[in-house]
Amino acid sequence: MRLVLNEVPAGWKVTWVPVPVRPSVADVRRAVFDVLPLLGRLPHTSARAGATVARVLVADGAQRLPVPCLEYPQSLWHHPGTRITLVLLGPGSERALTRLPHLVGRIVAWQVVPRLAGAEVATVVTGFHPLWRTVPAPDLKWIDQSCTRGTFRTWAA
């Protein structure tokens, strides 16, 4: 995720917002407010806090977020004047969203990233990180067959 965020176009401001494990909605609001250079005090309502900060919200590991934290973007969606794009990443995120039919109805596009085909592995992983450029292709094939099985997230880890 951090590698992708480093590739955004010039002029875009990207801020990494660390959120605790199993956060509450208040934890998420506080984390966003503390990281961004906002004036004043933390608003006490989700809608006001969201209207202050949200434009594009990317949640990596969305499948692990509790339902109230997944409902938070919906409160942002309904707040007048807020325009939000939500990007949910992580294996099983689509299953997590089935618990929230009111949010699923607002999804414009689903993008599923399939496993890498055996022939793609060497090209993709050597382009991803310089470490893999030093590994012979037969070894990359063996690693993929025995450990990663085409899962890019596992290669990145």
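Residues numbered from 1 in each chain as written. Predicted model: local features only at pLDDT ≥ 70, side-chain atom pairs only at ≥ 80, totals over all residues. Heavy atoms only, no water.

Undergrad: Talk me through unusual backbone geometry; I want residue IDs and the actual numbers.
TA: For Arg149, which is not glycine, the phi torsion reads 50° and is therefore positive. Inspection of the secondary structure puts Arg149 in the loop between helix 9 (137-148) and helix 10 (152-156). (Helix = DSSP H or I, 4+ residues; strand = E, 2+ residues; numbered from the N terminus.)

Undergrad: For the packing of aromatic side chains, give the residues involved together with the corresponding values.
TA: Scanning the entire structure with this criterion turns up one aromatic pair. Their ring planes at 75° and their centres at 4.9 Å tell us that Phe128 and Phe152 sit as a pair that is edge-to-face. Of this pair, Phe128 sits in helix 7 (residues 118-128) while Phe152 sits in helix 10, and the two are 24 residues apart along the sequence. We classify Phe152 as partly exposed; its relative accessible area is 32%. (Phe/Tyr/Trp six-rings, centres within 6.5 Å; stacked < 30°, edge-to-face > 60°. Buried < 20%, exposed > 50% of the residue type's maximum accessible area, 1.4 Å probe, protein only.)

Undergrad: Account for the side chain of Ser93, naming residues and giving values.
TA: Summarising the element assignment, Ser93 is placed in helix 5 (residues 93-97). Sequence-distant contacts of Ser93, that is, excluding residues within four places in its chain, are made with Ala62, Gln63 and Leu88. (Contact = heavy atoms within 4.5 Å.)

Undergrad: Now, about the side chain of Asp144: what can you tell me, with residues and values included?
TA: Along the chain, the position of Asp144 falls in helix 9. Buried and unpaired, Asp144 has Arg115 as its nearest opposite-charge partner, separated by 7.4 Å. What Asp144 contacts, discounting residues up to four positions off in sequence, is Val121, Arg149, Gly150 and Trp155. (Lys, Arg positive; Asp, Glu negative; His and termini not counted. Salt bridge = Lys/Arg side-chain N within 4 Å of Asp/Glu carboxyl O.)

Undergrad: Pulling in residues and values, what's your account of a nonpolar patch on the surface?
TA: On the surface, Val56, Val58 and Val87 cluster together into a nonpolar patch covering about 220 Å² of accessible area. Among the secondary structure elements, Val58 is positioned in strand 1 (residues 56-60). (Patch = residues over 30% accessible without salt bridge, like charges linked within 9 Å, V, L, I, M, F, W, Y side chains within 5 Å. Areas by Shrake-Rupley, 256 points an atom, 1.4 Å probe, with all protein chains shown as cover.)

Undergrad: Lay out the nonpolar core in plain terms, naming residues and giving numbers.
TA: Ranked by size, the top nonpolar core spans seven residues in total: Leu116, Val121, Val125, Trp132, Leu140, Ile143 and Trp155. Mapped by element, the contributors of at least two residues to this core are helix 7 and helix 9. If near-sequence neighbours (up to four positions away) are discounted, Val125 is found in contact with Trp132, Leu140 and Trp155. Among the nonpolar cores identified, the runner-up in size contains five residues, and Leu70, Ala96, Leu97 and Leu100 belong to it. (Core = buried A, V, L, I, M, F, W, Y, C linked by side-chain atoms within 4.5 Å.)

Undergrad: Describe the environment of Arg153, and please don't skip the residues or the numbers.
TA: Tracing the chain through its elements places Arg153 in helix 10. For Arg153, a relative accessible area of 45% corresponds to the partly exposed category. With 62 residues separating them along the chain, Arg153 and Pro91 place their C-alpha atoms 9.4 Å apart. Apart from the residues lying within four places of it in its own chain, the contact partners of Arg153 are Asp60, Gly90 and Pro91.

Undergrad: Lay out the confidence of the model for the protein in plain terms, naming residues and giving numbers.
TA: Interpretation of this model should avoid reading the predicted coordinates in detail wherever pLDDT is low. Per-residue pLDDT for the protein has a mean of 75; in total, 76% of the residues score no lower than 70. For the protein, the element scoring lowest by mean pLDDT is helix 3 (residues 46-53), at 52; helix 9 scores highest, at 89. (pLDDT = per-residue confidence, 0-100.)

Undergrad: Please set out the environment of Ala122 residue by residue, giving values where relevant.
TA: Turning to its location among the elements, Ala122 is positioned in helix 7. When its relative accessible area of 29% is taken as the criterion, Ala122 is described as partly exposed. Distance in space between the C-alpha atoms of Ala122 and Pro138 is 9.1 Å, their sequence separation being 16 residues.

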